[in-house]
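# An overview of the molecular structure
What follows is each chain in one-letter form.
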Amino acid sequence: MLHTAHGDVETPFVGIAGTPGDSNGVSPAELAALGTRVLTTSTYQLLVRPGVDIVRQHGGLHQWLVWDGPLLADNGRSLPPTARLLRVDNDGLTFASHIDGSRFRLTPESCIAAHEALGADIGLALDPPDADRDAERTERWAKRSLEARTRSDQALFVVVSTSAMARTLGGLPFDGLALHVNSNGNAISACVPEHWPRYWQGGAGLTELFDGIQQGADQLDWTDATRLAHVGQLYTPDGLLDITLEPSSDDSGPIQAGCGCSACTTGFARRYVRHLFAANELLGPTLASMHNLWFVQAVLESVRKAIRVDALADFRASFMNRYGSA
Ligand SMILES: [Zn+2]
């Protein structure tokens, strides 16, 4: 169980991208109805547009997004492809905005200030891009992040890329660990306090999800869910369905029989959703996102059940056997 100022969340869970700019085309109220418990937000996106001050004046990120559940804000290091990291120095980072190329700075202190102004429940501390090669700077930035905190109602997770750094940073008073799915998660995780929640960042889909959970991840990403939905690729227990293709069988029923998502339960037929994609109608990707996001939460619900009876490996094997390789 993860405890936050905006409620407890059963683990493991998947956070859903909630920042406009990382759009999934689904409203927060609908996301909640689909079983989403935690939104993850991009500090970079919020800094560049609309600006943290606008969000703070509006009462914070929960009011801005109209979301009253837990929110995580990243450390600003996740950039859209057209944004550029211009410079790394001892004090911080200099970026060029993807919108107009304008420059802005991010330091360990300004990252914490942004989290506090936004009112995120969990923040990730800023780490240097060369963290694995510059242990001294990484440790210094971690300590500066801790010293910059003025609020006690927010959790601060430290981003760790190697087990050597984990041994050092695991001794500091952070509240949790964040690591990239491609790093040596087991080794890193073994070097930080047992009670820290573990956030496996950057997972695309099922393989990273199962791998992360089997290594003890509490929180994960599943970025494929909306990326695939936007091009008409829909999850089903029997594998991906390409809704844009002519069907080989009757398609007057819902996207997936038995699915509990509001696209399937309100009566939208598979052939109607295909028509929406053919007509470039915005509702198509929205319904597809709703379906895929429901699938994500349904898988996680089954995963949590399997963990409770110590049967995760068996569940993974039978699930992937039906789904096909991923
Ligand atoms: Zn559905």
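A brief report on the enclosed structure follows. (Residues numbered from 1 in each chain as written. Predicted model: local features only at pLDDT ≥ 70, side-chain atom pairs only at ≥ 80, totals over all residues. Heavy atoms only, no water.)

Taken together, the protein donors to the zinc ion comprise Cys259 (SG), Cys261 (SG), Cys264 (SG) and His291 (ND1), at separations of 2.1 to 2.3 Å. Each of the 4 donor atoms around the zinc ion contributes to a set of angles spanning 105 to 120°, which defines the coordination as tetrahedral. Counting the intervening residues between successive donors of the zinc ion yields the motif C-x1-C-x2-C-x26-H. With Cys259 in the loop between β16 (239-242) and α11 (262-265) and His291 in helix α13 (residues 283-308), this pair connects stretches of sequence that are 32 residues apart. No difference in accessibility class separates Cys259 from His291, as the two residues are buried. (Donors = N, O, S within 2.8 Å, 3.2 Å for Na, K, Ca; no water. Tetrahedral: all angles 85-135°; square planar, octahedral: opposite > 155°, others 65-115°. Helix = DSSP H or I, 4+ residues; strand = E, 2+ residues; numbered from the N terminus. Buried < 20%, exposed > 50% of the residue type's maximum accessible area, 1.4 Å probe, protein only.)

By volume, the largest pocket is sized at about 1000 Å³. The wall of the largest pocket is formed by 42 residues, among which Asp74, Ser78, Gln201, Gly202 and Asp221 lie closest to the centre. Of all elements in the fold, only β4 (16-17), β5 (39-41), β12 (176-180), β13 (198-201) and α10 (224-229) reach the threshold of two or more residues within the lining of the largest pocket. A per-element tally of the lining of the largest pocket places α10 first, with 3 residues. A per-class count over the lining of the largest pocket returns 17 nonpolar, 18 polar and 7 charged. In this structure, the second largest pocket occupies an estimated 160 Å³ of space. Only α13 and α14 (312-323) provide two or more residues apiece to the lining of the second largest pocket. For the lining of the second largest pocket, the element with the most residues is α13, which contributes 6 residues. When the residues that make up the lining of the second largest pocket are grouped by side-chain class, the tally is 8 nonpolar, 5 polar and no charged. (1 Å grid on protein atoms, 1.4 Å probe; cavity = no way out; pocket = protein on both sides within 12 Å on 5 of 7 lines; lining within 4 Å. Points joined across faces, edges and corners; volume = space filled by probe spheres on them. Nonpolar A, V, L, I, M, F, W, Y, C, P; charged D, E, K, R; others polar.)

Purely geometric numbers; function is a separate question.
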